[in-house]
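What follows is the residue order along each chain.
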Amino acid sequence: MNPDFSKNKDGLLPAIIQDVNTAKVLMLGYMNREAYEHTLEHKKVCFYSRSKQRLWVKGEESGNFLHLRSLKLDCDHDTFLIQAEPVGPVCHTGTDTCWAENNKEVYGFLSTLEEVIKERKEERPEGSYVSSLFDKGINKIAQKVGEEAVETVIEAKDNNDELFLNEASDLLFHYLILLQAKGFKLEDISRVLRKRHS
């Protein structure tokens with residue numbers, strides 16, 4: 001890796017900080033060569049503070065460090081993408097990111113579906129299939145997950161991809177309902193799997 005610090009007259013290159021687990025952009029800082037080398041050596045993200053005119057390890061006062069997990073350089077060799085594991089909120093205002101966003105994992109449409117299921121659980125609109133399952137209780141919800149699991153296994157043994165995908169979708173849908181019934185979300189499962197992986 002050969003960052004080109006000569007591209008800017010002040011010798012500073014922008015560093016985009018991204019959460020290694022959620023992929024959320026947390027902040028933007030600037031690095032000179034010394035901050036870059038300090039980050040690599042100590043595995044805590046270090047910037048050059050333009051206001052303080054010195055090196056600044058993120059979290060040196062608050063304890064909210066950014067533990068380095070990976071550092072990449074863009075195609076022009078003048079911008080860093082740093083994946084880090086944050087300790088606490090990143091912004092000096094106390095928010096998770098410098099854009100006041102919550103730093104949580106997002107799973108595309110599955111996160112949208114999870115929110116719809118949560119709404120059905122809380123509001124119980126009449127005529128809703130999801131609401132009717134919550135009305136019947138945990139035993140019925142667990143039973144549905146079991147039924148869909150068996151149907152998925154049966155279709156997995158055949159060669160009809162469309163039927164398999166439909167059953168697998170039903171299984172995942174009912175599994176999301178079961179998670180909500182137990183008071184959990186996909187992020188809880190992700191946390192367990194990440195812990196097992198490390």
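Remember, predicted model here, so these are calculated numbers, not experimental data.

(A) Main features of the packing of aromatic side chains. Counted under the stated rule, the structure contains four aromatic pairs. Their ring planes at 45° and their centres at 6.2 Å tell us that F5 and F80 sit as a pair that is tilted. Of the two residues, F5 sits in the segment before strand 1 (13–19) while F80 sits in strand 6 (residues 80–86), which places them 75 residues apart along the sequence. Looking at F80, the relative accessible area reads 1%, which means it is buried. Seen from their ring centres, Y36 and F80 are 5.3 Å apart, and the 15° between their planes marks the pair as stacked. Taken together, the residues span a long stretch of sequence, with Y36 in helix 1 (residues 33–42) and F80 in strand 6 at a distance of 44 residues. Taken as a pair, Y36 and F80 share a single burial class, namely buried.

(B) Summary view of the environment of T97. Within the secondary structure, T97 is located in the loop between strand 6 and helix 2 (109–123). Ignoring sequence-local partners within four residues, the contact set of T97 consists of K24, V25, L26 and C91. Looking at T97, its side chain comes within polar contact range of the main-chain nitrogen of W99, at 3.0 Å.

(C) Expanded view of the layout of surface pockets. Approximately 540 Å³ is the volume attributed to the largest pocket. In terms of lining residues, the largest pocket is bounded by 22 residues, among which M27, K52, W56, K58 and H92 are the most central. When contributions to the lining of the largest pocket are tallied by element, the ones reaching two or more residues are strand 2 (25–31) and strand 3 (46–49). Grouping the constituent residues of the lining of the largest pocket by class yields 10 nonpolar, seven polar and five charged. Here the second largest pocket defines a volume of roughly 240 Å³. D19, N21, T22, E85, P86, N103, K104, E105, E187, R191 and R194 are the residues that line the second largest pocket. Counting residues per element, the ones that place at least two in the lining of the second largest pocket are strand 6 and helix 6 (186–197). Counting residues per element, the lining of the second largest pocket draws most heavily on helix 6, which supplies three residues. Of the residues contributing to the lining of the second largest pocket, the split by class is one nonpolar, three polar and seven charged. Two domains each provide a minimum of three residues to the lining of the second largest pocket, namely domain 1 (13–86) and domain 2 (108–197).

So, how was this worked out
- Residues numbered from 1 in each chain as written.
- Predicted model: local features only at pLDDT ≥ 70, side-chain atom pairs only at ≥ 80, totals over all residues.
- Heavy atoms only, no water.
- Phe/Tyr/Trp six-rings, centres within 6.5 Å; stacked < 30°, edge-to-face > 60°.
- Helix = DSSP H or I, 4+ residues; strand = E, 2+ residues; numbered from the N terminus.
- Buried < 20%, exposed > 50% of the residue type's maximum accessible area, 1.4 Å probe, protein only.
- Contact = heavy atoms within 4.5 Å.
- Polar contact = N/O pair within 3.5 Å; in protein donor to acceptor, adjacent residues only side chain to side chain.
- 1 Å grid on protein atoms, 1.4 Å probe; cavity = no way out; pocket = protein on both sides within 12 Å on 5 of 7 lines; lining within 4 Å.
- Points joined across faces, edges and corners; volume = space filled by probe spheres on them.
- Nonpolar A, V, L, I, M, F, W, Y, C, P; charged D, E, K, R; others polar.
- Domains from an automatic or database assignment.

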